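Observations on chain architecture
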Amino acid sequence: MRCDVWWARPAAASPRLLALLDEAERERYGNYRREVDKLRFLTGRTLIRAVAAQWLGTAPEEVALDASCYDCGRPHGKPRVVAQGAPQVSISHSGQWVALAVVAEVPVGVDVEEIRAAEVADLARISFSTAERTAFARLTEPEQRAAFFTYWARKEAVVKATGRGMSVAMSKFTLTAHDQPPAVLASETPEVDPARVRMADLAPGEGYRASVAVFADEPPEVVERQADDLIGSLG
Ligand SMILES: CC(C)(COP(=O)(O)OP(=O)(O)OC[C@H]1O[C@@H](n2cnc3c(N)ncnc32)[C@H](O)[C@@H]1OP(=O)(O)O)[C@@H](O)C(=O)NCCC(=O)NCCS
């Protein structure tokens, strides 16, 4: 099994890209106040269409997405490509990166995090499991700063693969230490089965952490790809 992770910079809002959005997406695009949020959203949704169009052998404008929230039905949930044989996808954006993970059939989640000033000890207290908090507490403060975003990107990739996002309590499952290969060691939540979570760290470059998780019996081959040309080809 192969899992492609496409990396794009937020693209300029050309009429051609904007025309690819459906009505609900146009409304969400219009509701973002900050330009960077608009462009990251636009880039993610047009990138899904470009990649899914290649996968399905169709045109980007023919690719329909359904992002109904599992909870309230509003169109702010995990996007799904609506077509027979469509790939599973997951989007994340942070800073100057948009990431799209694409895999056949199995649930997938991706997360990219720009390393930023944050109260990492407080965040770890509420989002890490007891075992993770114990391991984290042994680190020095500079080590905690470096380790926190590794844990966070890994944990968020897992909850995004469930399709429920942070409604799945991040503190209910335990990951390997930040300096070990990523895996789920234990889980107290039915959405996360340690035996089926396969994870990989990604390489977005300095100042960022990123991970991808799939729920599968076999580890996928993860291939990272640059998407700027693909977005550029959309016009
Ligand atoms: C999904 C979630 C983890 C996003 O985290 P974030 O760090 O702000 O943002 P990221 O850039 O990493 O991810 C955002 C993307 O996740 C995807 N997403 C949205 N809901 C998702 C979900 N439930 N599961 C997985 N992915 C989801 C979307 O593609 C979204 O980007 P887009 O709307 O531009 O396409 C967080 O918003 C969340 O947990 N939402 C669901 C929980 C919730 O509030 N439920 C009740 C709502 S009524």
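All values derive from a computational prediction rather than experimental measurement.

Let us now look at the site of the ligand. By nearness alone, 22 residues border the ligand, and Arg-45, Ser-92, His-93, Lys-160 and Met-166 come closest of all. Here an oxygen atom of the ligand and a side-chain polar atom of Lys-160 are 2.8 Å apart. The separation between a nitrogen atom of the ligand and a polar main-chain atom of Gly-165 is 3.4 Å. Put simply, the ligand lies in the largest pocket. For the shell around the ligand, the secondary-structure elements that each account for two or more residues are α3 (35-56), β4 (88-94) and α6 (141-162). For the shell around the ligand, the element with the highest residue contribution is β4, accounting for 3 residues. Of the residues assigned to the shell around the ligand, the class counts are 7 nonpolar, 7 polar and 8 charged. Of the residues that make up the shell around the ligand, three or more belong to each of domain 1 (1-106 + 216-235) and domain 2 (112-207).

Moving on to helix α4 (residues 120-127). Inspection of α4 places Val-120, Ala-124 and Ser-127 among the buried residues, and these make up the whole buried set. One side of α4 holds all its buried residues, which, seen down the axis, span an arc of 85°. With respect to the buried face of α4, the exposed residues turned more than 90 degrees away are Arg-125 and Ile-126.

Let us now look at the UniProt feature "domain: 4'-phosphopantetheinyl transferase" (unreviewed entry) in the protein. In the numbering used here, UniProt assigns the feature "domain: 4'-phosphopantetheinyl transferase" (unreviewed entry) to residues 107-186. Note that residues 107-186 is 48% helix and 16% strand, and that its end C-alpha atoms are spaced 19 Å apart.

Let us now look at the pattern of salt bridges. Evaluated as defined, the whole model comprises 15 salt bridges. Put simply, Asp-37 and Arg-34 hold a salt bridge, and the shortest N to O gap is 2.9 Å. Note that Glu-132 is salt-bridged to Lys-155, the shortest N-O span being 2.6 Å. Remark: Lys-155 occurs in helix α6 and Glu-132 occurs in helix α5 (residues 130-137); sequence separation between them is 23 residues. Each member of the pair, Glu-132 together with Lys-155, is buried. One continuous salt-bridge network, built from bridges that share partners, spans Asp-22, Glu-25, Arg-45 and Arg-49.

Turning next to the UniProt feature "domain: 4'-phosphopantetheinyl transferase N-terminal" (unreviewed entry) in the protein. Summarizing the sequence annotation, UniProt attributes the feature "domain: 4'-phosphopantetheinyl transferase N-terminal" (unreviewed entry) to residues 16-102 in the numbering used throughout. Each end of residues 16-102 is marked by a C-alpha atom, and these two atoms are 23 Å apart; helix forms 40% of the span and strand 20%.

The 4 strands lie next to each other as β4-β5-β1-β11, forming an open sheet whose pairing is mixed. Two strands lie at the open edges of the sheet, namely β4 and β11 (221-226), each paired on one side alone. Ignoring which end each strand starts from, the neighbouring axes of this sheet average 20° apart. Pairing between strand β1 (residues 2-8) and β11: 6 bridges, direction parallel. Residue pairing across strands places Cys-3 opposite Val-222, the latter belonging to β11.

Conventions and cut-offs
Residues numbered from 1 in each chain as written. Predicted model: local features only at pLDDT ≥ 70, side-chain atom pairs only at ≥ 80, totals over all residues. Heavy atoms only, no water. Near = heavy atom within 4 Å. Polar contact = N/O pair within 3.5 Å; in protein donor to acceptor, adjacent residues only side chain to side chain. 1 Å grid on protein atoms, 1.4 Å probe; cavity = no way out; pocket = protein on both sides within 12 Å on 5 of 7 lines; lining within 4 Å. Sits in = over half its atoms within 2 Å of the grid points. Helix = DSSP H or I, 4+ residues; strand = E, 2+ residues; numbered from the N terminus. Nonpolar A, V, L, I, M, F, W, Y, C, P; charged D, E, K, R; others polar. Domains from an automatic or database assignment. Buried < 20%, exposed > 50% of the residue type's maximum accessible area, 1.4 Å probe, protein only. Arc of directions from axis to C-beta. UniProt positions renumbered as here; feature names shortened; annotations may be inferred. Salt bridge = Lys/Arg side-chain N within 4 Å of Asp/Glu carboxyl O. Pairing = 2+ DSSP bridges. Axes fitted to C-alpha atoms, helices over the stretch in contact; angles between N-to-C directions.

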